[in-house]
Amino acid sequence: MASTAFDTHLEGPHGAHGGHHHPSLQHQFDSLEQQKESSTLGMWMFLVTEIMFFGALFTAYVIYRSLFHGVFATASHHLDVTLGAINTAVLIGSSLTMALSIRAAQLNRRKTIVLFLLLTILLGGTFLGIKSVEYGHKFHDHLVPGPHFAPEDPAIQAVADKAQVFFSLYFIMTGIHALHMIIGIGLLTWLAIASWRGRFDSTYYTPLECTGLYWHFVDIVWIFLFPLLYLIGAHAR
Amino acid sequence: MNTSATAESIVASPETGFERPNYLNAEYGLRSWLLTRDHKRIAILYLISVSAFFALGGLFAMLIRLELLTPEGDLMQPDTYNRVFTMHGVIMVFFFLIPAIPAVLGNFLVPIMIGARDLAFPRLNLASWYIYTLGGLFVLWAMVNGGVDTGWTFYTPYSTSFSNTHVVATALGVFITGFSTIFTGLNFVVTIHRMRAPGMTWFRLPLFIWSHYATSLIILLGTPVIAITLLLVAAERVLHLGIFDPRLGGDPVLFQHLFWFYSHPAVYIMILPSMGVISELVAAFSRKRVFGYKVVAFASIAIAVLGFLVWGHHMFVTGQSIYAATVFSVISMLVAIPSAVKVFNWTATLYEGSVSLQTPMLYALGFIGLFTLGGLTGTMVATLGIDVHLHDTYFIVAHFHYVMVGGTIMGYLGGLHYWWPKMTGRLYPAFLSRLSALLVFVGFNLTFFPQFILGYLGMPRRYWSYPEEFQVFNVLSSAGASVLGVGFILPLCYFIWSMRYGKRSGDNPWGAVGLEWDTPSPPPTENFYTVPVVTHGPYEYNTQEVHARTSHPEARVG
Amino acid sequence: MKSQLPLFPESASSVAPQVDALFYAWTAVSIFFTALIAVLIIYFMARYRRRHEDEVGLPERAPVWLEIAWSVIPLLIALAMFAWGTQVFVQIYRPPADAVVYYGVGKQWMWKFQHPDGQREINTLHVPLGQAIQMKLTSEDVIHSFFVPAFRVKQDAVPGRYSSVWFRATRPGVYHLFCAEYCGGEHSRMIGSVVVLEPQQYEEWLAGGPAGQPLTASGAELFQQLTCQTCHGEGGSGAGMAGMAPRAPSLVGLYNRQVALADGRKVVADDSYIRESILNPMAKVTAGWQPIMPTFQGQVTEEQLTQLISYVKSLSGEGGAEAGGGTAEVGTAGGQMGTPAPQAGPQPQ
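Residues numbered from 1 in each chain as written. Chains lettered and ligands numbered in written order. Predicted model: local features only at pLDDT ≥ 70, side-chain atom pairs only at ≥ 80, totals over all residues.

(A) Molecular detail of the nonpolar core. Core analysis: the biggest nonpolar cluster contains 329 residues, and B:Ile114, B:Ala171 and B:Ala364 have the highest contact counts within it. In terms of residue count, the dominant contributor to this core is helix α9 (residues 252–284) of chain B (22 residues). Judged by nonpolar contacts, the second largest core, of 17 residues, contains C:Cys228, C:Ala269, C:Ile274 and C:Leu315. (Core = buried A, V, L, I, M, F, W, Y, C linked by C-beta atoms within 7 Å. Buried ≥ 20, exposed ≤ 12 C-beta atoms within 10 Å, placed from the backbone. Helix = DSSP H or I, 4+ residues; strand = E, 2+ residues; numbered from the N terminus.)

(B) Structural view of the domain arrangement of chain C. Residues and elements named next belong to chain C. Split into domains, chain C comes out as domain 1 (9–46 + 62–212) and domain 2 (215–314). Summarising the inter-unit geometry, the C-alpha centres of domain 1 and domain 2 are found 34 Å apart. Contacts between domain 1 and domain 2 engage ten residues on the former and seven residues on the latter. Secondary-structure elements contributing two or more residues to the side of domain 1 that touches domain 2 are β1 (100–107) and β5 (132–139). (Domains from an automatic or database assignment. Contact = placed C-beta atoms within 7 Å.)

(C) Region of interest: the packing of helix α8 (residues 207–239) of chain B against α9(B). Residue and element names in this part refer to chain B. One can describe the packing of α8 onto α9 by two numbers: an axis separation of 8 Å at closest approach and a directional angle of 165°. By the angle between their directions, the pair α8 and α9 is classed as roughly antiparallel. Along this stretch, α8 crosses α9, giving a crossing that reads as left-handed. For the contact of α8 with α9, the class distribution of residues is 21 nonpolar, nine polar and one charged. (Axes fitted to C-alpha atoms, helices over the stretch in contact; angles between N-to-C directions. Parallel < 35°, antiparallel > 145°, perpendicular 65-115°, else oblique. Left-handed = near helix turned anticlockwise from the far one by under 90°. Nonpolar A, V, L, I, M, F, W, Y, C, P; charged D, E, K, R; others polar.)

(D) View of the packing of helix α2 (residues 39–67) of chain B against helix α5 (residues 122–144) of chain B. All names here are of chain B. Packing of α2 against α5 leaves a shortest axis separation of 10 Å and a crossing angle of 15°. Taken as axis vectors, α2 and α5 run roughly parallel relative to one another. Judged by the twist between their axes, the crossing of α2 over α5 is left-handed. For the pair α2 and α5, the contacting residues are His 39, Ile 42, Leu 45, Tyr 46, Ser 49 and Phe 53 in the first and Pro 122, Asn 125, Leu 126, Trp 129, Tyr 132, Thr 133 and Gly 136 in the second. Considered class by class, the residues forming the contact of α2 with α5 number eight nonpolar, five polar and no charged.

(E) Looking closely at the interface of chain C and chain A. With six residues of chain C at the interface, the matching set in chain A holds seven residues. By residue class, the composition of the side of chain C that touches chain A is three nonpolar, one polar and two charged.

(F) Fine view of unusual backbone geometry. Looking along the chain, the bond that leaves B:Thr156 and enters B:Pro157 is cis, with omega of -5°. Looking at the element boundaries, B:Pro157 is found in the loop between α5 and α6 (158–162). Put simply, B:Ser521 and B:Pro522 share a cis peptide bond, and its omega is -10°. Here B:Pro522 shows up in the loop between α16 (471–501) and α17 (543–550). For B:Tyr539, which is not a glycine, the phi torsion comes out positive at approximately 60°. In this fold, B:Tyr539 is placed in the loop between α16 and α17. By the C-beta count within 10 Å, which is 24 here, B:Tyr539 ends up buried. A positive phi angle is found at C:Asn123, which is not glycine, with a value near 70°.

(G) The arrangement of the confidence of the model for chain C in detail. Residues and elements named next belong to chain C. Taken over all residues, the pLDDT of chain C has a mean of 84, while the share at 70 or more is 88%. Predicted confidence in chain C is weakest over helix α5 (residues 229–232), with a mean pLDDT of 84, and strongest over strand β6 (residues 144–148), with 96. This model gives residues 319–349 a pLDDT under 50, and the stretch forms 90 contacts once residues within four places in sequence are excluded. Taken together, the chains of this predicted complex give a pTM of 0.88 and an interface ipTM of 0.88. (pLDDT = per-residue confidence, 0-100.)

Put into structure tokens, the structure is as follows:
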């Protein structure tokens, strides 16, 4: 029977480090460095696609905002700026803890990696919790677009169809963002377990780094969402 | 006898039937295929899926042409016809044209051509295939349950608020499959950047790699936009939001902008890989470097960039401003130039070459002719004054079939015929393959050239019944389609036949130059026995090396 | 005639010969280049045919001048065509000053037309020879497209807005009218005809049919019926009623003038603006006025809207086409359809 895919070691000029293969080195790569560079580049490429993904939504938002200028501001008043601001701080904090977990890996502090990952998960969960409270309020106020959209504010009622566009964009954009957060928390959980098992150290922490990139991106998206959705016409409140 | 140019390859003696260890016989069993991480096996998985969808899309095409034999609608109800042409479009665009070359030929060849063991992310590659299959299942489910009738373009508000068909399932299917493409593109970009063999500088890369790189850039930037657009359509349909429906405050033309922002670059996703194949074929079958290598390489990048700036040329009659229309029209002229330059460069490659008319070359030459006409008719409809008359008529249908069938599919078939011996270690019957190429060429022209005339006459597209005076050309077109169909079915038959009964191929049956020809046919799982070190550019043909490669009678192809 | 195999459509409008000329030129260019490539390929194929198994080609350096030549020459040709094509396009979409406005409403699956003097038609449109006609199009449901191959004109009819295209028929006859944007079930049967009559015959036809009221007159009646004058004044003058302060801006001279809105924007009071103001008055409130105008959504049909718009236009002394920019007056994407639109049935998701 011929050899399987992973037995044959090819010695290329990238070379193995002193003849020993790191257990995390995948067979298609010649060195950990090549693997790390490839993984990081891959994550950046993925983030480019995410920028285009959210970008299309932001484009739709910009177009409708310019068409329905006043309505968007009025509708935005129904969003809770305080909760939104708290969420912003929470998310920025979680990016900090994420970065600190990578720092811990660089310093070979296994337990600290796990600690900061858990903190990141906690903060992410807090964000989602506050978000669901906000969604609950909208549901209660009949501001969810669809057949049950029934605003009580007369200023909104007069332009119900346009206000509905605002709330549609609000739910879709924050909803997709929240979905990305959930996926991120899933990744972080897997990373926390792997870290606990000693998978990462100063020689290898690429998955932490790539997930960190993803998490920071999700944070940045929120930093755009918050002012565009919550703060328009804020001075006129 | 040693036919391979690499040292240490294990010799195959065909008479005894001893097969060298290669990626096909490395492991057996369904599990080894369904859980493989080998890019070559994944390419074969895609080959099977993509062929199945092509057959399905072709079936719908046959139904369309049958119905259009007569002016009255007599084969099926208009609602059924609407579903038939929609399914034809959705399946052909999203499940065949976009994935075919990158996922089959690209997956197989990109690592080998750059001297790597595999793509950067083999598990992601396998995930791509599963995601593609999942998206396909959504669309198949929709099809079996009555299909969708919005046209593959899903224009609103018809798709969001009026159609009674399975729009959401189909849209979700396409949405899911989009991620398959994105992951493939991502894999290619990282692989090409980071995993080239020593000595493989950017300008020593085969043009096939350049075009797949450009394609991957488009994939990464464009596909997410269609994903979100279709998601919005689904959301609007299910939740009655008001993004695109004017009755609910939305703008139907916004949908068109978002849709075409992706779908125009998408056509370059379809054609660039095919152009990459043609570069390889023209070089191999002229035994000569492609004329103006760097120009062709940069032309691919130029097409990718400019391709993002022309989407409005699909919307000249929707009522956008004259100013906007002008901008889109002039940039559309610009994007045609790199393609024209490539055509000239390929033709010039033949000059003082050593031209062999084996089957892959027949497809390549066919491509050049058909793509020229398809591309020129594209610039015709990019011309504002003409497009008013021609938009949404059969002229457009003819134009895009010339570039997608006469272009992409010819490239795909040419590539399959060229690399089939490498992928499978088997040869196919030369006479039948040449006959098929001829049938495809003749059948194709007979099918689609009359449609140019129909379009100028004013026959609109997506018509189930039509005025009598259009019948003659419709009959010609349907007749051509049957010839074309035979031309497509034949390769399916002899390729499958060749897997068992085809003559075994040598490592380099065509006497071509390229890293893929320096390794056995079929290649070992790790692609190479020793990592190649590249010391010269692609397409360096000299007589002695070719002699060494082709001296074994096994190696030659009739 | 069955024996006649048509290759080109009839040329029946003032712009058709220009479009055809452009088309023939492009066809010639295409045939030339396709033939050139084909001939070169066939020649090279034969001349440089592989003579023995190990033969290779002769590599050569690509001369830069050649690459430049075959980039620049096609570019120049393409740009020339672009310029010519743009000029024709502008012709197609900029109506002349003497164009008369007709209204067309697309609906699944028929066309409804209104002549300026009130005549209504379904699927067939009678027009006089030689008269410049501007078609103002909209849709009641999905996107349709008004396409007359013999005239070489086409324009999408988009729900929620007006778009326009103009033509001047140059030959009497009956010509196909197609819907050219897929619109569901009976799209291919949304076919009509444009009947071009000599001016004399056209008058006879008009007289022969049910006497229609000019759009502006119908609009004036509607204006009264819907009690618009209680706020906008008699004849839209803006004068207050019964000695009270005026409650709504004057409509006299409003059409196509720039209006300052309460939120600071400035918009042009075109067809779409007037239509939106009737259906959704809160969308654009004029600066300096209270937002008290009620909505007439559900109370007016699409045809009645065109009548009211005609009336308001007449208050600015404009009965015909407006100059410049015949393409869609975008800017208002809101408002519901006047006619209760056919609801899509229970939809499988």
